[in-house]
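# Structural characterization, general
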Amino acid sequence: MKRQTLVQRVLLYVIMACALSVAPLSAVPNGAHFISLDSWLYEALDSLYLESAKVVPFTARPYTVDEYQYYLKHIESSELSESGRHTLKSIQKELVVSALYNEEYSAFSYSAIISPELYANTNKKLIWDNAYQHYLNKYAYGYTERSPILSLPIQFWGGDAFFAEVDIDIKEQPGVGLYPTSSFNQPATNAPYVNWGNIPLGFDHIYHHFPDSYYLSYSKPHWSFYLGSGEYSIGTGRTGNLILSKDADKIPAVRMSWYNKMFRYNFSYLSLNPGLSNTGSFTDENGNVRMALDLENLTNGYNPNIYSTNLTGTDFNDYMDTGLYPYKGYLTHSMEFRFLNEKVYAAVTESAVYARAVPELFTFMPLAFWHNTNNGEQTNSLLALDVQAAIGRYGFLYASGVLDQFTMSHESDSLDPPAYGFIVGALSRTPAGKGYITGGVEYVNTSDWLYTHKYWLQTPTVTQRNTAITRGGYTVRMLGYSEGNDYSQLHLELGYTEFGHYNLTASYNYGVKGPYDVFMRLPQKDGAGNIVRPEGDRKNWPDAIHHQVGIKGEYQLQDAFTFGMHLYYTHVTNYKHEAGNTMQNLEMSVGVRLDVGAL
């Protein structure tokens, strides 16, 4: 407990020092700064476009400040409602930059963002289950993604075109804040010890992969270049995206794009942690134990023979085969179009997982289309189409579809079953006072085989190593839709937002999660040419049905303080695909965010 007290004192001293030293000044304008995907600026810009009877700007995000301001200047302010004019003023205020030190062509700044949070949860069994699941179904919200208790963004920019930022975050290891007896004595009931806040209670509870958010960017109007680690999204959807979602968390990448009012091209290449090893305590040829995926647990219920080299054993040597080289990367490139007086939007996106081979320069070329060509078993390729249509001045319809290119009709020699997914929805924003009333409906469906593959390294997933001593192995995140394959959901939402001030949204989700997930291997042929299927006992497992009602709200006091809360009630029938197993949970999270640099 002495170590715990020391850690808390150190954190307190750091926070006080930052608070005393930050005093922002006006700075040289810089358009190369990327706007975080969590910013309300995107929703605000979309609202102005909808009010102008136009489809929202391009969906491959984030944008640079240059790009954001380019889209903003095409809004006719004279045609906006009171809500629109108030939103426009809030945007312009938010885009004003500040710095601690600046010269004629450069500036430097840093700040301290302090974000204490508290959590409440009525189902400790759910917390215990999630602590030992590498592949989470997101029944718990505030426990899996806790805000850093302290974030130190450090920024440098040169002229109006170059920008660099690194965020030093002190936060808990991603998970649910559950710790073993090595840290704390567990109660006699063997219930887990739960940290109900986001303050790490010991050095070995801190997420050691920091910084995990950083980048260099070079930008001018109509184009930008990015090298760093952050969150990205590609595609249309309120609850997620089929090709690349921000739920994948922060990933190192190189990105570039160029754009005008009617066309945008975006190229991204993500470097993915392969997360190699065969079992929960895999031992290599030298007798060294290293952290790994617990494949025996994660593949429970599937046909065990499908993962073996000879399709008759129970090992994972074939499924985890590293090929020529244990490499994994994810390429996406999108062409986005706005036409018919900006009332219709369409985008075509191709993505490919490259793995099990030394990457060729060809795979990094932004203008080399159809990257799956002649790559065979070293590639897993998806093709997506997104469309939007403005309906009047305050709403739009949207749809997104994705399919596995290797299951298309011309791939006649493939055993891969058809794999697809789609999202359809409608969203409206009606001006009211200084803000907007927002209402939306969305339906999501992913097929049994979407995102699956013959080899683990070629699934569109990223594995995040758990560095804290309190949790071993890796956490698996989908690059596309967070719930993965074999899933359908109806989402309803209604809320009110005054951008830059406050928002309150109520939502309802009805979800059906089938028994299949990304660890299901594609059908294979044995030595005699017989097809071996993977479903095993899981084909008899019941679907998990969940109902979820939620309320989320945020209030910004001046520029420095932001208060947030969420409240979710979840009811799951056939929890963990066990017939008759019912899970109920009420969860609440409250927090405050203090940006010392804005005081």
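Rules behind the numbers
- Residues numbered from 1 in each chain as written.
- Predicted model: local features only at pLDDT ≥ 70, side-chain atom pairs only at ≥ 80, totals over all residues.
- Heavy atoms only, no water.
- Helix = DSSP H or I, 4+ residues; strand = E, 2+ residues; numbered from the N terminus.
- Areas by Shrake-Rupley, 256 points an atom, 1.4 Å probe, with all protein chains shown as cover.
- Axes fitted to C-alpha atoms, helices over the stretch in contact; angles between N-to-C directions.
- Parallel < 35°, antiparallel > 145°, perpendicular 65-115°, else oblique.
- Left-handed = near helix turned anticlockwise from the far one by under 90°.
- Contact = heavy atoms within 4.5 Å.
- Nonpolar A, V, L, I, M, F, W, Y, C, P; charged D, E, K, R; others polar.
- Buried < 20%, exposed > 50% of the residue type's maximum accessible area, 1.4 Å probe, protein only.
- Patch = residues over 30% accessible without salt bridge, like charges linked within 9 Å, V, L, I, M, F, W, Y side chains within 5 Å.
- Salt bridge = Lys/Arg side-chain N within 4 Å of Asp/Glu carboxyl O.
- Phe/Tyr/Trp six-rings, centres within 6.5 Å; stacked < 30°, edge-to-face > 60°.
- Core = buried A, V, L, I, M, F, W, Y, C linked by side-chain atoms within 4.5 Å.
- pLDDT = per-residue confidence, 0-100.
- Polar contact = N/O pair within 3.5 Å; in protein donor to acceptor, adjacent residues only side chain to side chain.
- Pairing = 2+ DSSP bridges.

Scanning the chain for helices and strands turns up 6 helices and 29 strands. Per element, the accessible surface of the chain, about 25,300 Å² overall, is 59% carbon and sulfur.

Following arginine 61, the chain continues into proline 62 via a peptide bond in cis, with omega recorded as 20°. When you line up the elements, proline 62 lands in the loop between helix H2 (41-51) and helix H3 (65-72). Here leucine 340, not a glycine, exhibits a phi torsion of approximately 50°, which is positive. Within the secondary structure, leucine 340 is located in the loop between strand S15 (328-339) and strand S16 (344-355). Its identity is not glycine, yet aspartate 486 carries a phi of approximately 55°, on the positive side. Along the chain, aspartate 486 turns up in the loop between strand S22 (474-478) and strand S23 (487-498).

Here the focus is the packing of H2 against H3. Two elements in contact, H2 and H3, have axes whose closest approach is 11 Å; the angle formed by their N-to-C orientations is 20°. As judged from the angle between their axes, H2 and H3 are roughly parallel. The interaxial crossing formed by H2 with H3 has left-handed handedness. Between H2, through Leu41, Tyr42, Leu45, Leu48 and Tyr49, and H3, the contact on the second element is made entirely by Tyr68, Tyr71 and Leu72. Tallied by class, the residues present in the contact of H2 with H3 amount to 8 nonpolar, no polar and no charged.

A few words now on the environment of tyrosine 354. Tracing the backbone shows tyrosine 354 in strand S16. Under the relative-accessibility criterion, tyrosine 354 is labelled buried at 5%. Measuring from C-alpha to C-alpha, the distance between tyrosine 354 and leucine 272 comes to 9.8 Å, with 82 residues separating the pair along the chain.

Turning our attention to a nonpolar patch on the surface. Taken together, Leu118, Leu504, Val549, Ile551, Met565, Leu567, Tyr569, Leu586, Met588 and Val590 make up a surface patch of nonpolar side chains, about 790 Å² in accessible area. Elements that contribute at least two residues to the nonpolar patch include exactly strand S27 (544-557), strand S28 (561-573) and strand S29 (582-595).

So, on to the packing of aromatic side chains. Summed over all chains, the structure comprises 27 aromatic pairs. Taking 5.7 Å as the distance between ring centres and 85° as the angle between the ring planes, the aromatic pair formed by phenylalanine 34 and tyrosine 215 counts as edge-to-face. Within this pair, whereas phenylalanine 34 is found in the loop between strand S1 (25-26) and H2, its partner tyrosine 215 is found in strand S11 (residues 213-220), the two being separated by 181 residues in sequence. In this pair, the class of phenylalanine 34 matches that of tyrosine 215, namely buried.

Okay, the pattern of salt bridges next. Summed over the entire model, instances satisfying the criterion amount to 20 salt bridges. Here arginine 538 and aspartate 517 are joined by a salt bridge, their closest N and O atoms 3.7 Å apart. Here aspartate 517 lies in the loop between strand S24 (502-513) and strand S25 (524-525) and arginine 538 lies in the loop between strand S26 (531-532) and S27, a separation of 21 residues in the sequence. Here arginine 538 falls in the buried class, since its relative accessible area comes to 6%. Given a relative accessible area of 9%, aspartate 517 falls into the buried group.

Trp456 and Phe519 are the most contacted members of the largest nonpolar core, which totals 60 residues. Of all the secondary structure elements, the ones that give two or more residues to this core are strand S13 (251-259), helix H6 (295-298), S16, strand S17 (379-391), strand S18 (395-404), strand S19 (420-432) and S22. The element contributing the most residues to this core is S18, with 3 residues. Among residues more than four places away in sequence, those in contact with tryptophan 456 are Pro274, Leu293, Tyr319, Met320, Lys328, Thr461, Thr463, Val476, Val518 and Phe519. Core analysis: the next-biggest nonpolar cluster, separate from the first, contains 28 residues, Tyr42, Ala44, Tyr63 and Tyr71 among them.

Below, the discussion takes up the confidence of the model for the chain. Confidence in the prediction of the chain, expressed as mean pLDDT, is 82, and 80% of residues score 70 or more. With pLDDT under 50 throughout, residues 133-137 is counted as low confidence; its partners more than four residues away or in other chains account for 22 contacts. Throughout residues 186-190 the model reports pLDDT below 50, and contacts reaching past four residues in sequence, or to other chains, amount to 5 contacts.

Next up on the list: H2. Across the 11 residues that make up H2, a large majority, 10, are buried. Of the surrounding elements, those touching the buried residues of H2 are H3, helix H4 (82-94), S15, S18, S19 and strand S20 (435-446). The positive-phi residue at the C-terminal boundary of H2 is alanine 53, with phi of around 65°.

Position of glutamine 548 among the secondary structure elements: in strand S27. Looking at glutamine 548, its side chain comes within polar contact range of the side chain of threonine 570, at 2.8 Å.

Moving on, we come to the pairing of S24. Alignment of S23 against S24, held across 12 bridges, turns out to be antiparallel. Looking across to S24, one finds that threonine 497 is bridged to asparagine 503. In this structure, the hairpin formed by S23 and S24 is closed by a connection of 3 residues, where glycine 500 is found at a positive phi of approximately 80°. Two elements, S24 and S27, share 12 bridges in a ladder whose sense is antiparallel. Opposite asparagine 503, over in S27, you have glutamate 554 as the bridge partner.

Once that is clear, we can look at the environment of glycine 237. Among the structural elements, glycine 237 can be located in the loop between strand S12 (223-230) and S13. Note: C-alpha distance between glycine 237 and glycine 425 (188 residues apart in sequence) is 7.8 Å. Apart from the residues lying within four places of it in its own chain, the contact partners of glycine 237 are Tyr398, Ile423 and Glu442.

Put simply, H2 and H4 touch, their axes get as near as 10 Å, and they point 145° apart. In this structure, the crossing between H2 and H4 has a hand that is left-handed. Residue-level inspection shows Leu41, Ala44, Leu45, Leu48 and Glu51 of H2 in contact with H4, the latter providing Gly84, Thr87, Leu88, Ile91 and Glu94. By residue class, the composition of the contact of H2 with H4 is 6 nonpolar, 2 polar and 2 charged.

The element H3 is extensively covered by neighbouring structure, given that 7 of its 8 residues are classed as buried. By the burial criterion, the buried members of H3 are Val65, Asp66, Glu67, Tyr68, Tyr70, Tyr71 and Leu72. As for H3, its buried residues are in contact with H2, H4, S11, S13 and strand S14 (263-271).

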